[in-house]
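Survey of secondary and tertiary structure
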Amino acid sequence: MSAMVIERELDRLEGLWSEGLAELYRSYLEEVGRHEPELQPRLALAAALVEVGVRLQGLGAAAAPPAALLMGDLCLARSSRILTDSASQPIQVAFARAVEELAGAAASSTEAPAVRQLLIRALAAH
Amino acid sequence: MIAHRLRFESTHPTQFIDLTDRIRDEVRRSGLTAGRIHLQSLHTTLGLAVNENEPLLLRDFAGLLERLAPGDGTYEHDDFTRRIDVASDEPVNGHAHCRQLLLTGFATLLVEDGELVLGRWQSVFAVELDGPRQRQLAFQLDGDFAKRPAAHRDDLVELELTRLLMVDPEPVAAPMRRLMEAGGKRLRPRLVQLTAQLGPQYEPLRTAGLAAAVEILHNATLVHDDYVDESTHRRGRPTVAAAEGPERAIAVGDYYFAKATRLIAETGNNDVTQTIAAALEAICESQIDDVALRGAFPGDHDSYLRVVRGKTAALFAAACASGAQLSKAGPEVVDALWRYGDLLGVAFQMADDMVDFSPSSGKPVGLDIRQRVLSLPLIYAAEDREVGPEVRRLLAGALGDDEVARVAQLVASSPALQRVGDEARGLVEEAVRELEKVELNGLRPTLIGLARAAVDRDS
């Protein structure tokens, strides 16, 4: 993904890049090697946005203040849009199921699988 | 009277296409109990016939047409050197026009006890004479209708919502069920259902699934909104955040946000998925703007429009466009419906703002003032020469019961509500003009009525 494309996809989320999003993005890049090269950055960014998003919201922990919740919502929405633009239907569905699983566990106060584990599984969906 | 179009595709130069089942379905769906269905071919090389669907007989008919107007015969219509204004893709089809003259382009069938009246061997055919082509028949149903002809469609969405929530974990399903059961206008799913009838591939069950997913998505955003706005009640009941705590509200919102996007992805229609995803992103961005603007409360008209276009209108527009996309309507229809939904959404929000000042709405007056929510009547009142200074002074300070009541009184006494009402109705008329630009299979009056009703309300 060119720097310009990353910049566009981070519109309004720029501040998160230096606060852990960049690091997560790089870590997910290592998990998307089986996909087409041009898709890899988008998939990695989508996964990183989900992980940052649920963290910002405080999902499964203490509720975030409204401003952080809205920022987390935007991360999830952006991730979803990136996936619809570039990922296959099974991956879109698997990402959604990952968030359903996390949110369902959070609402039930049961232990959820690690976010990363769920998202890596979603990235492998086909 | 109900008017509609029946679209289909022929695959052969001459073809008898049996439309009996589709016409029966239209009659049943319409709720017509006793009356008539009028059919009209919209083409000069497509006829109509009521006859027996027996393959050898259909070959006899084709043979008869060939003998009476042979395909390799000479027709003056095909001599392009003698015709004016001949299109570059004009087909050589004099034989097809002549054959159509032997058939009819019209048919009226009777309906009794909610069923098409046909003899044992009778079938209704569209007769293709110059295929293969995309074709359409206009039809009108008139007579006595069951009281709620749309009930089936509405019921389908409610059933789908019930079914979808039934399989979810109770900690998320119970609060969402309470929110859904408390009411809501179900405008967005209604728009999906209407616009999904415009393309050639209308599938009621698939449409109900998309409509339900859009409604779930809308309600998921409300769950988070209520936490952000610190609202204690919605639709007369405690909000999820108030009843279950903010942690649960965040989880419920996330769960249904994800579930709705999954259901939409599972439609397998990428245009639909992209339309909804773009709307969701616009909603989230404008929520951030909305909260940011509360520092400059009550804001200005341009900021208001920017926020409302994302916060409310984006999902209206997406509902309209995605229904049409699901049924494979043409891009010009999808675009016109998107613009209609966008304008309707803004007008709807303006009407919603006015409800906050209506004592007959059943809601506490001045809730938007108390919560410092962006509201056009407040913006106009703050700009007003007479009441503006006092409104601005009150809004700049702490807002207790007395201040809220006074601001509401000042807004009601100013021309602000009238201005907002006029603006909302103007937007609806603009939305209606968008509908005039495209073919809408007889649904235009319904969409116009829905738009006008959305702004002429007090709840």
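On to helix α7 (residues 204–228) of chain B. Residues and elements named next belong to chain B. Under the 1.5 Å per step criterion, the end-to-end length of α7 is 36 Å for 25 residues, consistent within 8% with the ideal 36 Å. The buried fraction of α7 is high, at 22 of 25 residues. In the segment just after α7, Glu230 is the residue with positive phi, at about 55°.

Now for the state of the cysteines. According to the stated counting rule, one finds zero disulfides over all chains in the structure shown. Cysteine B:Cys320 is unpaired, with the sulfur of B:Cys284 as its nearest cysteine sulfur at 20 Å.

We now examine the pattern of salt bridges. By the definition in use, this model includes 45 salt bridges over all chains. Across the pair B:Glu66 and B:Arg99 runs a salt bridge, and its minimum N-O distance is 2.5 Å. Of the two residues, B:Glu66 sits in helix α2 (residues 55–68) while B:Arg99 sits in helix α3 (residues 94–102), which places them 33 residues apart along the sequence. Among the residues examined, B:Arg99 registers a relative accessible area of 3% and is labelled buried. Note that B:Arg186 is salt-bridged to B:Glu215, the shortest N-O span being 3.3 Å. Of the two residues, B:Arg186 is situated in the loop between α5 (170–181) and α6 (187–195) and B:Glu215 in helix α7; the sequence distance between them amounts to 29 residues. The burial state of B:Arg186 is the same as that of B:Glu215; both residues are buried. The network of salt bridges with common partners includes A:Arg8, A:Glu9, A:Arg42, A:Arg78, A:Arg81, A:Asp85, B:Glu281 and B:Glu285.

Residue and element names in this part refer to chain B. Reading across from one edge, β1-β8-β3-β5-β6 is the order of the five strands in this open sheet, with antiparallel pairing throughout. Whereas interior strands pair on both sides, the edge strands pair on one side only; in this sheet they are β1 (2–9) and β6 (115–116). The strands touched by helix α1 (residues 20–30) are β1, β3 (32–41), β5 (106–112), β6 and β8 (134–145); relative to β1, the strand with the most contacts, the crossing angle is about 155°.

By a widespread convention, an interface's size corresponds to the accessible area lost as its parts come together. Tallying the contact residues gives 34 residues for chain B and 34 residues for chain A. At the boundary of chain B with chain A, the tally comes to six salt bridges. Salt-bridge contacts for A:Arg81 lead to B:Glu281; the nearest nitrogen and oxygen are separated by 2.6 Å. The tally of links from chain B across to chain A stands at 14 residue pairs in polar contact (both at pLDDT 80 or more). Contributions of two or more residues to the side of chain B that touches chain A are made by α5, α7, α9 (246–265) and α10 (270–293) of chain B. By residue class, the composition of the side of chain B that touches chain A is 17 nonpolar, eight polar and nine charged.

What follows covers the pairing of β8(B). All names here are of chain B. Sheet analysis places β1 next to β8, joined by eight bridges and oriented antiparallel. What sits directly across from Leu6, in β8, is Leu137. Relative to β8, β3 runs antiparallel, the two being bridged by nine bridges. Its bridge partner being in β8, Arg36 is matched across the sheet by Asp142.

With that settled, the discussion passes to a nonpolar patch on the surface. Residues and elements named next belong to chain B. Taken together, Leu64, Leu68 and Leu102 make up a surface patch of nonpolar side chains, about 290 Å² in accessible area. By the secondary structure assignment, Leu102 is in helix α3. Residue classification places Leu102 among the partly exposed residues on the basis of a relative accessible area of 48%.

Turning our eyes to something else, we now look at the confidence of the model for chain B. Looking at chain B as a whole, its pLDDT mean stands at 92, while 97% of the residues score no less than 70. In the model output, the complex is listed with pTM 0.76 alongside ipTM 0.97.

Conventions adopted
- Residues numbered from 1 in each chain as written.
- Chains lettered and ligands numbered in written order.
- Predicted model: local features only at pLDDT ≥ 70, side-chain atom pairs only at ≥ 80, totals over all residues.
- Heavy atoms only, no water.
- Helix = DSSP H or I, 4+ residues; strand = E, 2+ residues; numbered from the N terminus.
- Expected span 1.5 Å × (residues − 1).
- Buried < 20%, exposed > 50% of the residue type's maximum accessible area, 1.4 Å probe, protein only.
- Disulfide = S-S within 2.5 Å.
- Salt bridge = Lys/Arg side-chain N within 4 Å of Asp/Glu carboxyl O.
- Pairing = 2+ DSSP bridges.
- Contact = heavy atoms within 4.5 Å.
- Axes fitted to C-alpha atoms, helices over the stretch in contact; angles between N-to-C directions.
- Polar contact = N/O pair within 3.5 Å; in protein donor to acceptor, adjacent residues only side chain to side chain.
- Nonpolar A, V, L, I, M, F, W, Y, C, P; charged D, E, K, R; others polar.
- Patch = residues over 30% accessible without salt bridge, like charges linked within 9 Å, V, L, I, M, F, W, Y side chains within 5 Å.
- Areas by Shrake-Rupley, 256 points an atom, 1.4 Å probe, with all protein chains shown as cover.
- pLDDT = per-residue confidence, 0-100.

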